[in-house]
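Examination of the molecular architecture
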Amino acid sequence: MSDQEKVSVPITAIVEYQIRPENNTMREWLDVWSKRGLDAQQGEPETNAYATAVNLDDPNNVMVFERYANGTTSVTRHTQRQAHADLMQEMGERNMTKRQVMTTVFSDLPNFGFWSRPSALPTTSSRLTLLGLRFSKPAMQARWIQMVGEHAAYCRAQEEPTLIYSAGLASRDAQKEIGVKAGDLIVVMLSADEAGIGVHQNDARHLKLQAAFASQGMERDLLFARRYKVTGDGYWWR
């Protein structure tokens, strides 16, 4: 990030990589990465989450999910760790990664939704859903945030399989293939399993909310929708 992009608010970064399958399996890639994940969990109190999930549409793509309590200051502390240099060196020497598929960074919406469910932990059955939304008018985006924020409070209280349900605003244009521009909305939902996704989508209040969007003429474009399977490496919250 450049000096102009420095922020002190909580941020989330999502980076997706394509492994080089002729050189290593996904499990071998994750085994190398998991050493860095353990170091972050033990030595980086400002790194609120550092976990991985595999793209359900492409088993050679792995996403790293990162959350930082104090914005770019926390990111700098993360990247200055010796374990980070060791990770880059080992993966580089072994030529384990083919390319970076996409990157997006967003500032978490304050007092919106939830980033953890302390009573449960994600497992390899858990599923992550990422959405990118662009609204035709700022007022529509603000209204969406208000309405979904109210619904998220209900989900936190009533939907035990929903482990994360939150969102943020893109801090800058995304790199690579998802088409996100600064100011677009990124939505994050982590479900305990496939059945949990159905619980959320088919809930009567959720269906009523979708109808309310339509009745209010809320114009928005779906920039991307990606789903991932949690690997069990790293940590999703402290």
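Structure's up top.
Residues numbered from 1 in each chain as written. Predicted model: local features only at pLDDT ≥ 70, side-chain atom pairs only at ≥ 80, totals over all residues. Heavy atoms only, no water.

**Some thoughts on the overall build of the protein chain**
The secondary structure content of the protein chain amounts to six helices and nine strands. Against the compact-globule benchmark of 18 Å for 238 residues, the protein chain has a radius of gyration of 18 Å, which places it among compact chains. Over its C-alpha atoms, taken along the principal directions, the protein chain stretches across nearly 55 × 40 × 30 Å. In the protein chain, which comprises 238 residues, the share counted as buried stands at 49%. In the protein chain, once contacts between residues fewer than 6 apart in sequence are set aside, the share between residues at least 24 apart is 83%. Total accessible area on the protein chain is roughly 11400 Å²; 49% of this is exposed by carbon and sulfur atoms. (Helix = DSSP H or I, 4+ residues; strand = E, 2+ residues; numbered from the N terminus. Rg over C-alpha atoms; globule rule 2.2 N^0.38 Å. Buried < 20%, exposed > 50% of the residue type's maximum accessible area, 1.4 Å probe, protein only. Contact = heavy atoms within 4.5 Å. Areas by Shrake-Rupley, 256 points an atom, 1.4 Å probe, with all protein chains shown as cover.)

**Side note on the nonpolar core**
With 26 residues, the main nonpolar core has F65, L128, V188, L190 and W236 as its most contacted residues. Mapped by element, the contributors of at least two residues to this core are β2 (47–55), β3 (61–68), β4 (97–108), β5 (127–135), β6 (162–170), β8 (185–191) and β9 (220–235). Contact partners of W236, with chain neighbours within four places excluded, come to N48, A49, A51, T52, F65, W115, P122, L128, I164, L190 and V230. Core analysis: the second largest hydrophobic core is formed by 20 residues, F112, L133, M147 and M189 among them. (Core = buried A, V, L, I, M, F, W, Y, C linked by side-chain atoms within 4.5 Å.)

**Observations regarding unusual backbone geometry**
Positive phi outside glycine occurs at N95, with the angle close to 55 degrees. With respect to the element layout, N95 can be found in the loop between α3 (82–94) and β4. With relative accessibility at 35%, the residue N95 sits in the partly exposed group. The backbone of N111 shows a phi angle near 55 degrees, a positive value even though the residue is not glycine.

**A short note on the pattern of salt bridges**
Per the stated rule, a full pass over the model turns up 17 salt bridges. With its nearest N and O atoms 2.9 Å apart, the salt bridge here joins D39 to R36. Of this pair, D39 and R36 both sit in helix α1 (residues 26–43), three residues apart, which is roughly one turn of the helix. Taken individually, D39 and R36 each receive the classification buried, so the pair is uniform in this respect. (Salt bridge = Lys/Arg side-chain N within 4 Å of Asp/Glu carboxyl O.)

**A short note on α1**
End to end, α1 covers 25 Å across 18 residues, agreeing with the expected 26 Å (1.5 Å per residue, within 8%). Maximum bend of α1: about 30 degrees, positioned at W33. Those residues of α1 that fall on the buried side of the exposure criterion are M26, W29, L30, V32, W33, R36, G37, D39 and A40. (Expected span 1.5 Å × (residues − 1). Bend = angle between axes of the 7 residues up to and from the residue.)

**A short note on the environment of L128**
Counting through the fold element by element, L128 comes out in strand β5. In this structure, the C-alpha to C-alpha distance between L128 and M189, residues 61 residues apart in sequence, is 5.8 Å.

**Quick notes on the packing of aromatic side chains**
The geometry of an aromatic ring pair is captured by two quantities: the separation of the ring centres and the angle between the planes. Inspection of the entire model under this criterion finds seven aromatic pairs. Measuring from centroid to centroid gives 6.1 Å for Y17 and W29, while their planes differ by 40 degrees, and the two rings are tilted. Here W29 lies in helix α1 and Y17 lies in strand β1 (residues 11–19), a separation of twelve residues in the sequence. A network of ring pairs unites the aromatic residues F112, F135, W144 and F213 as a single cluster. Positioned above the aromatic ring of W115 is the side chain of R67, whose terminal nitrogen or guanidinium carbon lies 4.1 Å from the ring centre. (Phe/Tyr/Trp six-rings, centres within 6.5 Å; stacked < 30°, edge-to-face > 60°. Lys NZ or Arg CZ within 6 Å of the ring centre and 35° of its normal.)

Any link to function would need more than the numbers given here.
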